[in-house]
Amino acid sequence: MSDPLNLNRIELFAAVAEAGGFTAAAERLGMTKAGLSQQIARLEAQLGTALFVRTTRRVTLTEAGETLLRDTAPLIQSLHDSVARLNGDVAVPTGTLRITAPADHAASLLAPALAAFGDLYPDLQIDLLATDEVLDLVRERVDVAIRMGWLRDSSLRATQLGRFEQFAVASPDYLARTGLAPQHPRDLVGERWVVLSLLAAPLTWTFVHPDGENCTIRVQPAIRTSTPTTALVLAQHGAGVAVLDEGTVTPSLKEGRLVRLLPEWTLPAGGMYAVYPDSRHVPAKVRVFIAFFRDWLAGKRPGRAW
């Protein structure tokens, strides 16, 4: 009689795919590498196909493995959601909280908050993916993504954590060198610009005056970059005019390393969001983290739980 399909092996398979290898997955699961490898081998034998390509350096999914992961990830998440519902809304967060955020903000905003959050919930393991890539949360098994700016329509759920202003800035050196003293947004059109390529429309900006006047300009990039921190350094060194979020640029404005241009005009405000997969029941670890991080951003600093 053939060995019946053990559904636990599907979750073991997903753990190896997520960890990128048997050694890391075995450590997370509290298993031996040999035992985990044996379970995956049995699953492959039952399915009649290889799920991983194994080399001395890395383990990668085969085409069949990618298909299995894509098809089963929502089912695994649904199973975890069902267990979470049984645990009730007051369940203490446990397991692994997998978070992704843009690299700059992961370091400056999220990492300090996660250090405090980890103190509050020592039984919760935290995986932080600091990347500017917009990950597929279901495929990558990400619990929460921190995203900045303006959200695109999607099937994901989102909670706004805060908002931020944007400022047009340049260095004192650039202003002295070019003689720039803008009185109207149109004065910025011919300038050298440092632009953020990750924005949806980095070359078009709409300024609004308190008297109701709107002025949309289109600029030409002198330098493109993918991260706010790099754009900040470029602007500080006189590479050109840049539009940056207030959190990134405020310290440099206070230090005099940058000057805000056209301060009476405003640019569209952006938002910070916690984005997570849509399900009937949001896991306790996700709900608790979102509430904690919102308070953290508002200036509240919860203490240790013990």
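Higher on the page you've got the structure.
Residues numbered from 1 in each chain as written. Predicted model: local features only at pLDDT ≥ 70, side-chain atom pairs only at ≥ 80, totals over all residues. Heavy atoms only, no water.

Novice: What should I look at first to understand the sheet that holds strand β4 (residues 124-130) in this one?
Specialist: Within a beta sheet, neighbouring strands are joined by backbone hydrogen bonds and run either parallel or antiparallel to one another. Spatial strand order, β4-β3-β5-β14-β6: five strands in an open sheet with mixed pairing. The open sheet has two edge strands, β4 and β6 (157-164), and neither has a second partner. Across the sheet, the axes of successive neighbouring strands diverge by a mean angle of 20 degrees, strand direction being ignored. Here β6 runs beside strand β14 (residues 270-276); their pairing, made up of seven bridges, is antiparallel. From the neighbouring strand, A158 faces β14, where its bridge partner is V275. (Pairing = 2+ DSSP bridges. Helix = DSSP H or I, 4+ residues; strand = E, 2+ residues; numbered from the N terminus. Axes fitted to C-alpha atoms, helices over the stretch in contact; angles between N-to-C directions.)

Novice: What exactly am I supposed to notice about the packing of aromatic side chains here?
Specialist: Where two aromatic rings form a pair, the distance of their centres and the angle of their planes describe that pair. Taken as a whole, this structure holds seven aromatic pairs when the rule is applied. Ring centres of F117 and F289 lie 5.4 Å apart, and the angle between their planes is 75 degrees; this geometry places the pair in the edge-to-face category. Within this pair, whereas F117 is found in helix α5 (residues 103-120), its partner F289 is found in helix α9 (residues 284-297), the two being separated by 172 residues in sequence. Each member of the pair, F117 as well as F289, is classed as buried. Ring centres 5.6 Å apart and planes at 15 degrees place the aromatic pair F289 and F293 in the stacked group. Here F293 and F289 lie together in helix α9, a separation of four residues that amounts to about one turn. F293 shares its class with F289; the two are buried. Following the ring pairs from residue to residue traces out a cluster consisting of F117, Y121, F289, F292, F293 and W296. (Phe/Tyr/Trp six-rings, centres within 6.5 Å; stacked < 30°, edge-to-face > 60°. Buried < 20%, exposed > 50% of the residue type's maximum accessible area, 1.4 Å probe, protein only.)

Novice: Please explain the sheet that holds strand β7 (residues 166-170) as it appears in this structure.
Specialist: Taken in spatial order, the five strands make up an open sheet running β11-β8-β12-β7-β13, and their pairing is mixed. On the outer flanks of this sheet lie β11 (221-225) and β13 (259-260), each paired with one strand and no other. One ladder, built from two bridges, connects β7 with β13; its direction is antiparallel. When the bridges of β13 are listed, A170 appears paired with V259. Seen against the sheet, helix α7 (residues 228-236) touches β8 (193-196), β11 and β12 (241-245) and runs at an angle of roughly 140 degrees to β12. (Contact = heavy atoms within 4.5 Å.)

Scope: geometric values only; no functional claims are made or implied.
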